[in-house]
Amino acid sequence: MVFPAVRCNFLFVKQKDIRCHQGYRPIILFLTKFVLNEAPAMNIPAQFDAKTIEKKWYDYWMEQNFFHSEPDHRTPYTIVIPPPNVTGVLHMGHMLNNTIQDVLIRRARLRGFNACWVPGTDHASIATEAKVVAKLKSEGINKNDLSREEFLEHAWDWTNNYGGVILEQLKKLGASCDWERTKFTMDPEMSASVIKSFVGLYNKGQIYRGYRMVNWDPEAKTTLSDEEVNYEEQQSKLYYLRYKIADSDEYITIATTRPETILGDTAICINPTDTRYSHLKGKRAIVPISGREIPIIEDEYVDIEFGTGCLKVTPAHDINDKALGDKHNLQIIDIFNDDATLNSNGLHYEGKDRFVVREQIATELEQNGHLAKVETHLNKVGTSERTKAVIEPRLSDQWFLRMEDLVKPAIKAVLETGEIKLHPKRFDNTYRHWLENIRDWNISRQLWWGQQIPAYFYGDGKEDFVVAETIEDAVELARQKTGRANLAIADLRQDSDALDTWFSSWLWPMAVFGGILDPENKDFKYYYPTNDLVTGPDILFFWVARMIIAGYEYTGEKPFSNVYLTGLVRDKQRRKMSKSLGNSPDPLDLIEKFGADGVRVGLLLSASAGNDIMFDEELCNQGRSFSNKIWNAFKLIKGWEVGDVIPQPESARIAILWYEAKLQQSLREIDDHFEKYRISDALMSIYKLIWDDFCSWFLEIIKPAYQQPIDAKTYTAAITLLEDNLKLLHPFMPFLTEEIWQLIAVRPVDEALIVSQWPEYSDYDAKIITDFDNMSEVVSGVRSIRKNKNIAFKDSIELKILNNENLPSNMDSIVAKLGNISAIEYVTEAVDASMTFRLKSNEYFIPITGSIDIEQEVAKLTEELNYTKGFLKSVQSKLSNEKFVQGAPEKVLENERKKEADAKAKIETLEQSLHSMKG
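Along each chain, the written sequence defines residue order, and numbers are assigned to residues from 1. Note on the predicted model: pLDDT of at least 70 is required for a residue's local features to be given, and 80 or more for side-chain atom pairs to be given and counted; whole-chain, interface and lining totals, by contrast, use all residues. Heavy atoms from the whole structure form the basis of all side-chain values; hydrogens and water molecules are not counted.

J.: What am I meant to see in the overall build of the protein here?
T.: Here a helix means four or more residues in a row that DSSP labels H or I, a strand means two or more in a row labelled E, and each is numbered from the N terminus. Secondary structure assignment for the protein yields 28 helices and 31 strands. The globule rule is 2.2 Å times the number of residues to the power 0.38, and the radius of gyration it is compared with is taken over C-alpha atoms. Here the C-alpha radius of gyration of the protein, 38 Å, is well above what a compact globule of 919 residues would show, namely 29 Å. Projected onto the principal axes, the alpha-carbon positions of the protein cover approximately 115 × 95 × 50 Å. Relative to its 919 residues, the protein shows a buried fraction of 52%. Throughout, a residue-residue contact means that at least one pair of heavy atoms, one from each residue, lies within 4.5 Å. In the protein, the proportion of contacts linking residues at least 24 apart, taken out of those at least 6 apart, comes to 77%. Each residue gets one of three labels from its accessible area relative to the maximum for its type: buried under 20%, exposed over 50%, partly exposed in between, using a 1.4 Å probe on protein chains only.

J.: I tried to follow the packing of helix H19 (residues 617-638) against helix H22 (residues 712-729) on my own but got confused; where do I start?
T.: In a packed pair of helices, the relevant descriptors are the angle between the two axes and the axis-to-axis distance. Interaxial angles span 0 to 180 degrees and are taken between N-to-C directions of axes, which are lines fitted to C-alpha atoms, for helices over the stretch in contact. Closest axis-to-axis distance for the H19/H22 pair is 11 Å, and the angle between their directions is 160 degrees. Judged by the angle between their axes, H19 and H22 are roughly antiparallel. Between H19 and H22 lies a crossing of left-handed hand. Within the contact between the two elements, H19 uses Phe626, Ile630, Phe634, Ile637 and Lys638 and H22 uses Tyr715, Ile719, Leu722 and Leu729. Three classes are used, and their members are as follows: Ala, Val, Leu, Ile, Met, Phe, Trp, Tyr, Cys and Pro are nonpolar, Asp, Glu, Lys and Arg are charged, and the others, Gly among them, are polar. Class assignment of the residues belonging to the contact of H19 with H22 gives a composition of 8 nonpolar, no polar and 1 charged. Orientation categories follow fixed angle ranges, with anything under 35 degrees roughly parallel, anything over 145 roughly antiparallel, 65 to 115 roughly perpendicular, and all other angles oblique. Note: crossing handedness is left-handed where the near helix turns anticlockwise from the far helix by less than a right angle, and right-handed where it turns clockwise.

J.: Help me understand the sheet that holds strand E29 (residues 821-827), please; the structure alone is not making it clear to me.
T.: For two strands to count as paired, DSSP must find a minimum of two bridges between them. The mixed open sheet is built from 4 strands, whose spatial order is E29-E28-E31-E30. If you trace the sheet from one side to the other, it starts and ends with E29 and strand E30 (834-839), each paired once. If you compare each strand with its neighbour and ignore which way they point, the axes differ by 20 degrees on average. Looking at chain direction, strand E28 (residues 797-802) and strand E31 (residues 842-847) are connected through 3 bridges and run antiparallel. Directly across from Lys800, in E31, lies its bridge partner Phe845. This element, helix H24 (residues 766-788), spans E28, E29, E30 and E31 of the sheet and lies at about 145 degrees to E30.

J.: How do you make sense of helix H16 (residues 540-555) when you look at a structure like this?
T.: An α-helical turn contains 3.6 residues, so any two residues separated by three or four positions project in the same direction. Expected helix span is taken as 1.5 Å per residue step, with the number of steps being one fewer than the number of residues. For H16, with 16 residues, the first-to-last C-alpha span of 21 Å sits near the 22 Å given by 1.5 Å per residue. Most of H16 sits inside the fold, with 13 of its 16 residues counted as buried. Where H16 terminates, the next one or two residues include Gly556, which has phi positive at roughly 75 degrees.

J.: Mind showing me how you'd approach the pattern of salt bridges here?
T.: For side chains of opposite charge, pairing can occur when their charged atoms come near one another. The rule for a salt bridge is simple: a side-chain nitrogen of Lys or Arg has to be within 4 Å of a carboxyl oxygen of Asp or Glu. Throughout the structure, instances matching the rule amount to 56 salt bridges. A salt bridge links Arg445 to Glu228, with the nearest nitrogen and oxygen atoms 2.6 Å apart. Of the two residues, Arg445 sits in strand E17 (residues 444-445) while Glu228 sits in the loop between strand E6 (222-224) and strand E7 (229-245), which places them 217 residues apart along the sequence. The class for Arg445 is buried, based on a relative accessible area of 0%. A salt bridge links Glu260 to Arg358; its shortest N-O distance comes to 2.8 Å.

J.: Would you mind showing me how to read the nonpolar core here?
T.: Buried together is how nonpolar side chains tend to be arranged in soluble globular proteins. Among the buried residues, those of types Ala, Val, Leu, Ile, Met, Phe, Trp, Tyr and Cys that are joined through side-chain atoms within 4.5 Å form a nonpolar core. Grouped together as the largest cluster of nonpolar side chains are 194 residues, with contacts concentrated most on Leu401, Tyr431, Phe503, Phe615, Phe698 and Phe732. Of all the elements, helix H21 (residues 679-702) adds the most residues to this core, at 14 residues. Among the nonpolar cores identified, the runner-up in size contains 27 residues, and Ile252, Tyr277, Ile296 and Leu342 belong to it.

J.: Help me out: how do you make sense of the side chain of Thr261 in this one?
T.: Looking at the secondary structure, you find Thr261 in the loop between strand E8 (251-256) and strand E9 (267-270). Dropping the residues within four chain positions of it, Thr261 is found in contact with Lys312, Thr314, Ile335 and Phe336.

J.: Explain the sheet that holds strand E20 (residues 493-494) here, please?
T.: Working definition: the strands of a sheet are paired by backbone hydrogen bonds and lie parallel or antiparallel to each other. Strand order in the open sheet formed by 3 strands is E19-E18-E20, and the pairing between neighbours is antiparallel. Each of the sheet's edge strands pairs with one partner strand only, and the pair in question is strand E19 (465-467) and E20. Here 3 bridges tie strand E18 (residues 455-457) to E19, and the two strands are oriented antiparallel to one another. Among the inter-strand pairings, Ala455 is bridged to a residue of E19, identified as Val467. Set on the sheet, helix H12 (residues 471-482) makes contact with E18 and E19; between it and E19 the angle comes to about 130 degrees.

J.: Is there a simple way to explain the environment of Leu152 in this structure?
T.: Looking at the secondary structure, you find Leu152 in helix H5 (residues 148-162). When the C-alpha atoms of Leu152 and Pro119 are compared, they prove to be 24 Å apart, with 33 residues separating the residues in sequence. Apart from residues lying up to four places away in sequence, Leu152 is in contact with Trp448 and Trp449.

J.: Just checking my understanding: could you explain the environment of Ile361 for this structure?
T.: Here Ile361 shows up in helix H9 (residues 354-367). The spacing of Ile361 and Ile801 is 440 residues in sequence and 93 Å in space, taken between C-alpha atoms. Not counting the four nearest positions on each side in its chain, Ile361 is found in contact with Pro259, Glu260, Ile262, Leu263, Ile289 and Tyr349.

J.: Sorry if this is basic, but what is going on with unusual backbone geometry here?
T.: Excluding glycine, most residues fall at negative phi; most peptide bonds, likewise, are trans. Across the junction of His423 and Pro424, the peptide omega takes the value 0 degrees, indicating a cis bond. Looking at the element boundaries, Pro424 is found in the loop between strand E15 (421-423) and helix H11 (427-436). The step from Tyr528 to Pro529 runs through a cis peptide bond, and the omega angle for that step is 0 degrees. Locating Pro529 in the fold gives a position in the loop between helix H15 (522-527) and strand E22 (532-535). One non-glycine residue with positive phi stands out, namely Ala124, at about 45 degrees. Summarising the element assignment, Ala124 is placed in the loop between strand E3 (120-121) and helix H4 (125-138). Ala124 sits in the buried class, given a relative accessible area of 2%. Of note in this structure, Lys388 is not a glycine but carries a positive phi near 70 degrees. Inspection of the secondary structure puts Lys388 in the loop between strand E13 (371-384) and strand E14 (392-401). For Lys388, a relative accessible area of 55% corresponds to the exposed category.

J.: Would you take a moment to explain the environment of Lys237 for this structure?
T.: The topology assignment puts Lys237 in strand E7. Accessibility expressed as a relative area gives 41% for Lys237, which makes it partly exposed. Those residues within four positions of Lys237 in sequence are excluded, and the remaining contacts are Thr256, Thr257, Glu359, Val374, Glu375 and His377.

J.: So what exactly am I meant to see when it comes to the pairing of E14 here?
T.: Taken residue by residue, a regular strand's side chains alternate between the two faces of the sheet. The element E14 is extensively covered by neighbouring structure, given that 8 of its 10 residues are classed as buried. Sheet topology places E14 next to strand E16 (residues 441-442); 2 bridges connect them, and they run antiparallel. Each bridged residue has a counterpart across the sheet, and for Phe400 the counterpart in E16 is Asn442.

J.: Looking at this structure, I do not really get the confidence of the model for the protein. What am I missing?
T.: In regions of low pLDDT, the predicted coordinates are not meant to be interpreted in detail. Taken over all residues, the pLDDT of the protein has a mean of 90, while the share at 70 or more is 94%. Here pLDDT means the predictor's own confidence in every residue, given as a number from 0 to 100. When the criterion is pLDDT under 50, residues 1-41 qualifies, and its contacts beyond four places in sequence or with other chains add up to 38 contacts.

J.: I would appreciate a short explanation of the packing of aromatic side chains in the present structure.
T.: Each pair of aromatic rings is reported with the distance of its centres and the angle of its planes. When two rings of Phe, Tyr or Trp (its six-membered ring) have centres within 6.5 Å they constitute a pair, described as stacked for plane angles under 30 degrees, edge-to-face for angles over 60, and tilted for the intermediate range. The full count for this structure, using the stated rule, is 40 aromatic pairs. Relative to Trp691, the ring of Phe626 lies with its centre 6.2 Å away and its plane at 25 degrees, an arrangement referred to as stacked. Here Phe626, found in helix H19, pairs with Trp691, found in helix H21; they are 65 residues apart in sequence, far enough to count as distant. On the basis of relative accessible area, Phe626 is assigned to the buried category, the value being 0%. Taking relative accessible area as the criterion, Trp691 reaches 23% and is therefore assigned partly exposed. A ring is considered to have a charge above it if a Lys NZ or an Arg CZ atom is located within 6 Å of its centre and within 35 degrees of its normal. Sitting over the face of the ring of Trp758, Arg107 holds its NZ or CZ atom 5.2 Å from the ring centroid.

Here is the structure:
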């Protein structure tokens with residue numbers, strides 16, 4: 001039993017301080033035994049019940065406020081969570097990312113840092129607004145029939161009903177976030193930070209409004225930044241269209257992938273160096289279907305080699321065509337509505353979708369003789385990162401942030417000074433590519449859900465606006481700008497666009513501590529800069545780089561020191577997990593099946609930084625098996641009867657010294673892995689230390705004989721070493737380790753494992769580790785002979801050692817115990833009538849007893865010797881073949897030479913064994 005929630009005052013009363021009625025003395029003495037860790041034997045469950053244990057300890061940690069942090073005298077260690085979409089649910093990527101963060105924060109807590117992990121969610125303007133619009137549509141409500149305020153009421157209702165679910169799910173994983181600090185990017189103070197940021201940058205001349213060609217998402221009905229567009233290769237069609245030359249019977253043929261846009265054509269462009277078309281200079285062509293006449297212009301921009309070497313120019317729907325249009329003062333004809341259906345400029349195709357029109361207009365062009373031919377064509381098509389809709393280039397008034405100067409400190413910090421480090425480092429090149437090719441950031445979105453742009457128009461002109469944090473400030477600025485003292489709030493109209501979601505989340509590490517609104521507040525000055533950021537490489541530019549840019553812009557400091565970039569979680573077939581493929585398991589189902597600790601270990605064992613994980617449920621099963629292994633080891637130790645007067649065996653004494661040294665060696669290795677952000681390698685080191693060294697070797701050595709007690713000195717050391725193991729493992733398996741920790745002894749609140757202390761370095765004997773490794777090979781050799789010769793372990797044997805290497809005998813007591821060896825003797829010559837094995841230059845002899853049939857053993861060894869000699873002969877035949885040696889790859893030759901050497905060594909051992917057998 002364990003009583004995690006019972007922490008009464010009497011547990012801290014020393015026995016000498018007890019003053020009570022004599023009748024209560026037996027009860028108080030019993031309780032005092034708990035204080036002195038002399039509790040009676042506890043009933044340890046046969047199986048580790050993850051479900052019960054996880055809820056018990058998470059509730060306990062929450063009740064004791066272990067996750068909460070306030071500024072104090074300690075060094076802070078801070079992580080801010082990459083805020084998931086507010087209405088999102090937990091998926092495997094979240095599981096991986098947040099497990100790594102929890103490992104880092106729990107280890108920091110154990111190391112004495114003031115650990116603060118700030119959780120929160122992102123309002124995800126495009127995704128959330130799309131969900132709200134879909135919900136309204138299912139209820140027969142059209143967004144366009146609502147006012148902004150009415151729509152936002154629906155959006156907040158949706159957010160309040162479905163938001164935050166993912167944060168509750170993270171608790172099931174064991175995430176030790178400071179939940180009291182939970183933030184949402186649309187919280188009043190968070191929104192105020194965004195507005196303040198916009199106004200400040202505008203006043204510095206960094207934000208401007210411009211009429212530009214933008215990426216238009218016709219499904220979300222908003223602009224996107226260049227970084228939110230994915231370019232995918234698609235098999236398209238190349239249509240060869242015939243334009244009639246005005247006042248002539250001649251035609252000019254032009255290749256295009258978008259025949260529907262001819263209705264927006266305002267010129268045909270030829271290259272001035274192309275003699276094929278020089279006679280058309282200054283003439284006009286007639287646009288098919290519309291019948292409009294357009295000029296034929298010349299520009300070296302035209303690629304003579306592509307298509308037919310001439311170009312249709314549609315300035316409203318192509319960024320390069322827009323540049324040509326500006327240069328040659330061409331008319332602009334926009335043929336699309338905001339949902340990518342054709343408008344009135346689309347003539348009889350008005351109201352139809354662009355892709356429907358593409359097929360229909362091709363048919364019409366073919367029927368009237370204007371379609372020469374159609375070819376297949378591989379080209380890159382831009383799609384929305386959010387909705388997957390094909391992007392439509394569109395001219396629009398938008399807000400932009402100048403990036404040329406802002407980006408410089410961010411380039412320097414990562415690529416020059418190394419003030420911020422990306423793990424793994426190979427992502428430096430990706431970072432360099434993005435930032436050295438950065439363009440001005442389109443920060444406005446044609447959405448209602450998000451921070452509304454604080455620009456207020458007082459007239460109809462494009463420049464008739466002011467920018468201010470409040471409408472009251474805006475009125476005053478507008479009065480100053482116009483000289484109209486009677487301007488009122490009612491005369492102002494706020495820009496209807498919202499800011500890009502990333503424009504709020506780029507402030508995240510600062511805004512969560514109030515650093516934008518009040519940079520001098522104690523939380524911001526204590527926790528910022530943060531330490532580590534754990535996120536995916538897919539948002540290295542969207543979020544990470546922009547946070548770095550914002551950090552230097554507002555504080556002159558880095559926002560964090562290290563960025564750990566996780567890989568993608570894929571299935572066994574290397575496919576990205578998705579609902580449509582049905583290959584993405586529900587993380588909560590995995591926790592239910594394998595336990596949170598099992599899932600955490602399963603994910604991290606194969607999660608090296610930046611590399612994709614080929615997820616298999618068997619990994620979680622491996623994690624659960626590890627839990628069971630540790631649980632059974634704990635049960636084994638606690639099940640031993642302790643004898644106070646029993647002397648400590650020499651084998652146990654040596655084993656304790658060895659494991660203490662091994663733990664110290666592993667501790668340095670583990671810390672080194674953490675320093676290099678090799679979290680998976682750190683876990684594997686702990687895994688091997690506990691499974692192999694502690695369970696398979698240490699416990700086997702110290703284990704008392706059947707139904708015999710263990711000496712108190714060894715038992716105490718075993719408990720201490722088990723506790724050190726639990727400290728190392730706790731960041732990875734918090735529930736299991738806390739349960740065992742509390743079952744070992746009754747502990748006050750401030751001695752819970754979660755706030756215990758990471759093992760400290762001490763000097764250790766490296767030689768004893770080497771000696772033990774050599775000893776383990778001897779034990780393996782003895783066990784092999786026992787197995788091969790069917791010698792039962794209960795039957796003791798003798799071991800004689802020809803010690804040619806002068807190996808120390810300090811491990812003999814362990815060899816004797818693990819091999820059930822009655823006597824170990826060092827000899828100076830080979831021992832006849834023995835079974836032998838060789839390790840390096842040492843030989844080991846086990847004298848044959850009456851239970852071994854010598855003739856049978858000689859026959860078996862002779863047969864094996866003859867086979868090995870035949871094998872050696874075949875290998876040497878190959879190696880003596882000059883043609884083979886000259887033609888074979890070096891690896892093959894190396895392999896054959898190894899076979900030869902191994903066969904020779906085996907023959908020597910077999911011959912020695914036969915010699916010993918025959919005496």
